[in-house]
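Chain by chain, the residues:
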Amino acid sequence: MKKVIYILVALVALGAIGYKLMSNKEQMAANAAVAEIRSEAIPVSITEVKTAQLDKSFRAQGNFAPIQSLTLLSETQGQIQKVLKRKGDKVKAGELLIQVESNTMSADLATAQTNAEKAKKDLARFENLAAGDAITQRQLEDARLAAKSTQAQLVAARQRLAKTRITAPISGEINEIYVEVGSYLNPGTKLYDIVNVDKLKLQVKVNESEVLLIGKGDKVTVKANAGSGQEYEGVVTAIAAQADPTLKFDVEVEVKNAANNNLRAGMYGTAFFEVAEQRDALLLPRETIVGSIQNPNVYVVKDGKATMRKVKVGVVTQDQVEILDGVQPGEQIVRSGQINLREGINVSVLK
């Protein structure tokens, strides 16, 4: 009897489960049908085509680079006796950085001076003898050549001695040092990296429409992305004559650093190029463009449907596009949601 009861209970439970599954299936089918109905209208945000003042001013971002930067190499050989400037020190052009052992060079200079003086005296004596026809013209010419040769050797000896005093070729800051006291130098040995950040160059890239709006000498407002957002006055000092492979033009903006050298080479910065020229134009936000600026389209909303339309663009700024042909003032253009659209699809406008 108990066995029969267990079987009946099991059958009732299975029936209940089957009924529940069937109900869930019907509910899911109903939800899918509702979703399908709702999905026929794609939600989008729109904007209206308007005539407004076209501001051609624009911004460009780039990196700060030092106005001067060099790696100082040795022009002499010998052992370093003194290192007077180290990493982080500020230096002025002509200031002594390293003293190299100079005894050998001093001895060479003394020998060259002696030889030059002797050759000079010999030449004077030979010229007196030549005046009385006591020597040949060839002997006189040899004396002159000896005087010139020893004089050249004297100049070279002075230069070699001078190069044992290694001085800063530019003003700036020691960014790196590669030698120590006791190091033996050869010509070409790397000594220092020196950078001058009293002025910096903000190196930015602009497109073909922007490069036509600027010129050398233009004043530019520059701001470092890091720090307190302090603004600096910059001057355009160089504009590339040729675009790079991405069709961008290199522009250099020179900026005078603050007294405490807030700006550092390698920082990111933004240059604001203010263009005074303005005019009325038919404008759309840049995000309304579907595809590329070279092959632009927009979605026009009319009677609840989206229709793709090809447009012709003019000036392109940071956030706006001038429309020369393809749409009329007052038409409704899809601003966001284009990724879900296709030709003729129903749309619902988000408020």
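Residues numbered from 1 in each chain as written. Predicted model: local features only at pLDDT ≥ 70, side-chain atom pairs only at ≥ 80, totals over all residues. Heavy atoms only, no water.

- With an unreviewed UniProt entry as reference, the chain is termed RND family efflux transporter MFP subunit, source organism Pontibacter mucosus.

Topic: the overall build of the chain
Inference 1: Assigned secondary structure in the chain consists of four helices and 22 strands.
Inference 2: In the chain, which comprises 351 residues, the proportion classed as buried is 34%.
Inference 3: If you sum the accessible surface of the chain, you get close to 21,700 Å²; carbon and sulfur atoms cover 53% of it. (Helix = DSSP H or I, 4+ residues; strand = E, 2+ residues; numbered from the N terminus. Buried < 20%, exposed > 50% of the residue type's maximum accessible area, 1.4 Å probe, protein only. Areas by Shrake-Rupley, 256 points an atom, 1.4 Å probe, with all protein chains shown as cover.)

Regarding the sheet that holds strand E15 (residues 278–285)
Inference 1: Spatial strand order, E2-E15-E20-E19: four strands in an open sheet with antiparallel pairing. Each having just a single partner strand, strand E2 (50–55) and strand E19 (312–316) make up the two edges of the open sheet. Averaged over neighbouring strand pairs, the angle between their axes works out to 60 degrees when direction is ignored.
Inference 2: Examined bridge by bridge, E15 and strand E20 (residues 320–325) share three bridges and lie antiparallel to one another. By the bridge assignment for E20, Leu283 is matched with Glu322. (Pairing = 2+ DSSP bridges. Axes fitted to C-alpha atoms, helices over the stretch in contact; angles between N-to-C directions.)

Notes on the sheet that holds strand E4 (residues 78–83)
What holds strands together in a sheet is hydrogen bonding between their backbones, with the strands either parallel or antiparallel.
Inference 1: One open sheet accounts for four strands, arranged E7-E6-E4-E9; its pairing is antiparallel. The strands lining the two open edges of the sheet, one partner per strand, are strand E7 (165–167) and strand E9 (184–185).
Inference 2: Relative to E9, E4 runs antiparallel, the two sharing two bridges. Looking at E9, one finds that Gln79 is bridged to Tyr184.

With respect to helix H2 (residues 103–131)
Inference 1: The end-to-end C-alpha distance of H2, which contains 29 residues, comes to 43 Å, matching closely the 42 Å that a straight helix rising 1.5 Å per residue would cover.
Inference 2: The complete set of buried residues in H2 reads Met105, Leu109, Ala112, Ala116, Ala119, Asp122, Leu123 and Ala130.
Inference 3: As for H2, its buried residues are in contact with helix H3 (137–162).
Inference 4: A positive phi of about 55 degrees marks Asp133, the residue just after H2. (Expected span 1.5 Å × (residues − 1). Contact = heavy atoms within 4.5 Å.)

Topic: the pairing of strand E1 (residues 41–48)
Inference 1: Note that E1 and strand E22 (residues 346–349) share four bridges and pair parallel. Within E22, the position partnered with Val44 by the bridge is Val349.
Inference 2: The pairing of E1 with strand E21 (residues 332–336) spans four bridges and is classified as antiparallel. Paired with Ser45 across the bridge in E21 is Ser336.

Considering the packing of aromatic side chains
Inference 1: Tallying each qualifying case throughout the model produces one aromatic pair.
Inference 2: Here the guanidinium or amino end of Lys190 rests over the ring plane of Tyr178, the centre of that ring lying 4.9 Å away. (Phe/Tyr/Trp six-rings, centres within 6.5 Å; stacked < 30°, edge-to-face > 60°. Lys NZ or Arg CZ within 6 Å of the ring centre and 35° of its normal.)

Describing the environment of Lys248
Inference 1: Structurally, the position occupied by Lys248 is in the loop between strand E12 (231–239) and strand E13 (249–256).
Inference 2: Owing to a relative accessible area of 31%, Lys248 belongs among the partly exposed residues under this scheme.
Inference 3: Measuring from C-alpha to C-alpha, the distance between Lys248 and Lys205 comes to 5.7 Å, with 43 residues separating the pair along the chain.

Looking at the side chain of Asn257
Inference 1: If you trace the backbone, Asn257 turns up in the loop between E13 and strand E14 (268–273).
Inference 2: For Asn257, a relative accessible area of 8% translates into the label buried.
Inference 3: Separated by 3.0 Å, the side chain of Asn257 and the backbone oxygen of Leu263 make a polar contact.
Inference 4: Residues contacting Asn257, with those up to four places away along its chain left out, are Val197, Asp198, Lys199, Leu200, Asn262 and Leu263. (Polar contact = N/O pair within 3.5 Å; in protein donor to acceptor, adjacent residues only side chain to side chain.)

Topic: the nonpolar core
Inference 1: Grouped together as the largest cluster of nonpolar side chains are 24 residues, with contacts concentrated most on Phe64, Val222, Val251, Val253 and Phe273.
Inference 2: Breaking this core down by element, the ones donating at least two residues are strand E3 (58–73), strand E10 (190–206), strand E11 (219–224), E12, E13 and E14.
Inference 3: A per-element tally of this core places E10 first, with six residues.
Inference 4: Excluding its chain neighbours within four sequence positions, the residues that come into contact with Val251 are Leu202, Gln203, Val204, Val206, Ile214, Val236, Ala238, Ile239 and Phe273. (Core = buried A, V, L, I, M, F, W, Y, C linked by side-chain atoms within 4.5 Å.)

Brief notes about the packing of H2 against H3
Inference 1: Contact geometry for H2 and H3: axes closest at 8 Å, N-to-C directions at 160 degrees. Viewed along their axes, H2 and H3 adopt a mutual orientation that is roughly antiparallel. Handedness of the H2/H3 crossing: left-handed.
Inference 2: Each residue belonging to the contact of H2 with H3 can be placed in one class, and the counts come to 15 nonpolar, seven polar and five charged. (Parallel < 35°, antiparallel > 145°, perpendicular 65-115°, else oblique. Left-handed = near helix turned anticlockwise from the far one by under 90°. Nonpolar A, V, L, I, M, F, W, Y, C, P; charged D, E, K, R; others polar.)

Some points on H3
Inference 1: If you check H3, its first and last C-alpha atoms are 38 Å apart, about what 26 residues at 1.5 Å a residue would give, namely 38 Å.
Inference 2: Where H3 is buried, its residues meet H2.

Regarding the side chain of Gln338
Inference 1: Here Gln338 is to be found in the loop between E21 and E22.
Inference 2: The buried category is assigned to Gln338, whose relative accessible area is 16%.
Inference 3: Non-local contacts of Gln338, meaning those with residues more than four positions away in its chain, are made with Glu287, Thr288, Val290 and Tyr299.

Details of the pattern of salt bridges
Inference 1: Within the structure shown, the criterion is met by 16 salt bridges.
Inference 2: Here Lys87 ties to Glu176 by a salt bridge, and the two come within 3.4 Å at their closest N and O atoms. Placement of the pair is Lys87 in the loop between E4 and strand E5 (90–91) and Glu176 in strand E8 (residues 172–177), with a sequence separation of 89 residues.
Inference 3: Looking at Lys87, the relative accessible area reads 52%, which means it is exposed.
Inference 4: Among the charged side chains, a network of salt bridges with common partners joins Lys90, Glu173 and Arg264. (Salt bridge = Lys/Arg side-chain N within 4 Å of Asp/Glu carboxyl O.)

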